[in-house]
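Okay, here's what each chain looks like letter by letter:
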Amino acid sequence: ARGWAERYEFPLAPRNRHDLAQVAQYLAYQQSRAYVLRQLRGYLTRSLRREFPDRLPPDLKQGPVREGLVDELISHIGAAERVGNPSEVHKLLAKLPVAIYVNANRDNMLHDALVEAGRKPHVQLCTWRSLGDRSLPQGPVPEPKYKPSAAEPLIFHVFGNFQYPESLVMTEDDYFDFLTAVTRNEARNLSIPLEVSRALASSGLMLLGFQMDAWDFRVLFSSIVRQPGIDLSRMRTRVAIQMSPDEAQSADPSRTYQYLRNYFRENARINLFWGSPEEFMVKLIERFEDETD
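In this report, the structure presented in the accompanying data block is examined. (Residues numbered from 1 in each chain as written. Predicted model: local features only at pLDDT ≥ 70, side-chain atom pairs only at ≥ 80, totals over all residues. Heavy atoms only, no water.)

So, helix α8 (residues 194-202)
The criterion, for reference: For every residue, the accessible area (1.4 Å probe, protein chains only) is compared with the maximum for its type, and the residue is labelled buried under 20%, exposed over 50%, or partly exposed between those bounds. Secondary structure follows DSSP: runs of H or I at least 4 residues long count as helices, runs of E at least 2 residues long count as strands, and numbering of each begins at the N terminus. Arc definition: directions from the helix axis to the C-beta atoms.
For α8, the complete set of buried residues consists of V196, S197, L200 and A201. Take α8 and look down its axis: the buried residues cluster within an arc of 130°, on one side only.

Given below as structure tokens:
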């Protein structure tokens, strides 16, 4: 966001220059939404090649930017990370007998990890784009009679997937359109599959890897609270994993923790785990394996 703000002379308040949704919104109106998607594809390609040269085969280390390249790069990097890091989060998530994963990431690392674990994941994308009152489906078409299960879990990409560029939630307008679609979902289940809506409302829930001030978290959390039948989850375990606040970002970490704990409990009866996603997942898997032995 800061790089784009400098390159395209973002004119709004300096505090907004790190906010990707706002900077992308400005760039979309200065150029077009398609231009933003092309710039994102190029930025991610350059960044991945620069940061992970030892994780990529020779044919992917260079060459022109093209559609599908970002997914290929992430797939190779993710596979290498899962081999070299026993605490890699997607690898640990794939060990849990979960039937529905709501994925806020735009990549396929969770899908790849589930396949490696011998499971058969199905993928579905949120239908947040519309033309008038008609929803515009994106991504794979659901198989008839498919029901999510531990053996064949559903990965529901809530903010889109790089493989389907038009599905990506990026700009401020996109986030507002997404919330509008979720609001419509309360009455007619247009944007979120019924199985996912029921799970969000009545099952245990684990929010993993979010920063509390990020658009993705704020919009997703609001969407969960809006789901029909949310009170059915009162007796289920719900936990949010929050990394400890950086001293530079939080003037008083202890009061920040207290505020977030109260916020979660008041809004959705969610408990707070203070630590990294890796720390939480390692402890969760240890407990899960102890109880299933």
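What to know about the packing of aromatic side chains
Formally: Aromatic rings from Phe, Tyr and Trp, with only the six-membered ring used for Trp, were paired whenever their centres fell within 6.5 Å, and each pair was classed as stacked if the ring planes differed by under 30 degrees, edge-to-face if by over 60, and tilted otherwise.
Counted according to the given criterion, the structure contains four aromatic pairs. With a centroid separation of 5.5 Å and 85° between ring planes, the pair formed by F10 and Y26 is classed as edge-to-face. A residue pair is termed long-range when its members are at least 10 positions apart, and F10 in the loop between α1 (2-7) and α2 (20-30) and Y26 in helix α2 qualify at 16 residues. Summarising the burial analysis for this pair, F10 and Y26 share the class buried. Aromatic side chains F159 and F178 sit 5.1 Å apart centroid to centroid with 55° between the ring planes, which places their arrangement in the tilted category. One end of the pair, F159, is in the loop between β5 (154-157) and α7 (172-188); the other, F178, is in helix α7, with 19 residues separating them in the sequence. With relative accessibility at 0%, the residue F159 sits in the buried group. What makes F178 buried here is its relative accessible area of 0%.

Digging into the environment of N108
This is how the line gets drawn: Contact between two residues is taken to exist if any of their heavy atoms lie within 4.5 Å; hydrogens are not considered. By the criterion applied in these results, polar contacts are pairs of N or O atoms within 3.5 Å in which, for protein atoms, one can donate a hydrogen and the other can accept it, and in which residues neighboring in sequence qualify only through two side-chain atoms.
For N108, the location among the structural elements is in the loop between β1 (100-103) and α6 (109-116). Expressed as a C-alpha distance, the spacing of N108 and Q163, which sit 55 residues apart in the sequence, is 8.7 Å. Those residues in contact with N108 that sit more than four places away from it in its chain are D71, H157, N161 and Q163. In this structure the side chain of N108 is engaged in a polar contact, spanning 3.4 Å, whose partner is the side chain of D71.

Quick word on the pattern of salt bridges
In plain terms, the rule: Here, a salt bridge means any side-chain nitrogen of Lys or Arg that lies within 4 Å of a carboxyl oxygen of Asp or Glu.
Under the criterion given, the structure shown has ten salt bridges. Of the charged contacts, one joins R33 and D174 as a salt bridge, the two residues approaching to 3.1 Å between their closest N and O atoms. Here R33 is found in helix α3 (residues 33-51), whereas its partner D174 is found in helix α7, with 141 residues between them in sequence. Look at R33 and you get buried, because its relative accessible area is 19%. Its relative accessible area of 4% is what places D174 among the buried residues. One salt bridge connects R55 with D54, and the closest N-O pair in it is separated by 3.3 Å. Among the charged side chains, a network of salt bridges with common partners joins R33, R129, E166 and D174.

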